[in-house]
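Examination of the molecular architecture
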Amino acid sequence: MEILIPTYGRRWNQSTWESLPQSVKDITSLVIQKRELPVWEDANVRTRVLPDHIQTVGPTRQWIIDNYSGRVLIMDDDLVFATRRKDDPSKFTPSSHSDIEDMIASVESALYTYPVVGVCPREGGNRKTAPFDVNTRIIRVTGLNLDILKEHDVRYDRLPVMEDFDMLLQMLELGYDNMCLNSWVHNQGGSNTAGGCSTYRTDELQKQSAEKLHELHKPFVKVVKKKTKTAWGGKERTDVIIQWKKAGKFGRANLLDQRKVQSQAS
């Protein structure tokens, strides 16, 4: 499995990369935009350079699907990791290098069963004390079996933002469950911070994407207004509520119906 970290505007602020042990760095590449190539020339990291025309996150992830095969793990570039405590599962301790190695190995192992595998986000993670969840939101850390995504032409570039939710829903509606591992959590400094998609994501773009996601995935997506303490500087924004498990139930039923039709035809 190869690990890929798409990045833009954060040459000197690579918290995900700096968190990784050398054994994981050895299988990790930073996916950079061609316009930033000069600032990375003296960096002691392995890079993959995008074509000129790719300058946003959705097309970047689609480029990964188009240019890789098998199992990959895509991680945001601004993450820190923590590990769930055994004495009190509602609390965490900063991840050691061996913790992160175990996390990566667990993602890779799970990808043999589930085509999409994530790691629990820190927000709300104190309540997720089961070893894993099935058919739920996956953000920032996403393992993929690309061969299955390619087989069904599942795409990351249909929306300018929230493209990760679109991909997850495409997979669920096709009948493929996802898994989110809860023994580790990840966190970031806050969405829409300097660099990354904050360079182009606006309130209007967010609103358009939320409405388009709703159109693509009725009745599992509801458009709402949200305001949180950290994301978007505490401003109100257009967002979505997604019924992940209902989408998964729909997809499994649809897949079962297809198999019945195929069986009767044969």
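Ranked by size, the top nonpolar core spans 40 residues in total, and within it Ile 64, Leu 144, Phe 165, Met 167, Leu 213, Val 240 and Ile 242 carry the most contacts. With six residues, the single largest contributor to this core is helix 7 (residues 163-173). Apart from the residues lying within four places of it in its own chain, the contact partners of Leu 213 are Leu 159, Met 162, Phe 165, Asp 166, Leu 169, Val 221, Val 240 and Ile 242. In terms of nonpolar packing, the next biggest core, distinct from the first, is built from 26 residues, Trp 40, Ile 100, Val 107 and Leu 111 among them.

Empty space among the atoms becomes apparent when a probe as large as a water molecule is rolled across them. All told, the structure shown has one cavity of 30 Å³ or more when counted by the stated rule. Taken as a whole, the largest cavity holds about 30 Å³ of empty space. Arg 61, Ile 74, Asp 76, Arg 140, Val 141, Thr 142 and Tyr 156 are the residues that line the largest cavity. For the lining of the largest cavity, the class distribution of residues is three nonpolar, one polar and three charged.

Right, let's get into the environment of Ile 65. Summarising the element assignment, Ile 65 is placed in helix 4 (residues 57-67). The buried category is assigned to Ile 65, whose relative accessible area is 2%. On a C-alpha basis, the gap between Ile 65 and Leu 144 in space is 9.1 Å, while along the polypeptide they are 79 residues apart. Discounting chain neighbours no more than four positions away, the residues touching Ile 65 are Leu 146, Leu 149, Lys 150, Val 154 and Tyr 156.

In this structure, the second largest pocket spans a volume of roughly 160 Å³. Taken together, Thr 83, Arg 84, Arg 85, Lys 86, Asp 99, Asp 102, Thr 129, Ala 130, Pro 131, Asn 182, Ser 183 and Trp 184 make up the lining of the second largest pocket. Put simply, the parts of the chain that give the lining of the second largest pocket at least two residues each are strand 5 (79-84), helix 5 (97-110) and strand 10 (178-188). Ranked by the residues each element gives to the lining of the second largest pocket, the list is headed by strand 10, at three residues. Residues of the lining of the second largest pocket, tallied by class, amount to three nonpolar, four polar and five charged.

This structure, assessed with the given rule, holds 17 salt bridges. Across the salt bridge formed by Asp 42 and Arg 11, the nearest N and O atoms sit 3.5 Å from each other. With a gap of 31 residues between them, Asp 42 in the loop between helix 3 (37-40) and strand 3 (47-49) and Arg 11 in the loop between strand 1 (2-7) and helix 1 (15-19) connect regions that are remote in the sequence. Using a relative accessible area of 14% as the deciding quantity, one classes Arg 11 as buried. A salt bridge links Lys 91 to Asp 88; the shortest N-O distance between them is 3.8 Å. Where salt bridges share partners, they join Glu 2, Arg 46 and Arg 48 into one cluster.

About the thresholds
Residues numbered from 1 in each chain as written. Predicted model: local features only at pLDDT ≥ 70, side-chain atom pairs only at ≥ 80, totals over all residues. Heavy atoms only, no water. Core = buried A, V, L, I, M, F, W, Y, C linked by side-chain atoms within 4.5 Å. Buried < 20%, exposed > 50% of the residue type's maximum accessible area, 1.4 Å probe, protein only. Helix = DSSP H or I, 4+ residues; strand = E, 2+ residues; numbered from the N terminus. Contact = heavy atoms within 4.5 Å. 1 Å grid on protein atoms, 1.4 Å probe; cavity = no way out; pocket = protein on both sides within 12 Å on 5 of 7 lines; lining within 4 Å. Points joined across faces, edges and corners; volume = space filled by probe spheres on them. Nonpolar A, V, L, I, M, F, W, Y, C, P; charged D, E, K, R; others polar. Salt bridge = Lys/Arg side-chain N within 4 Å of Asp/Glu carboxyl O.

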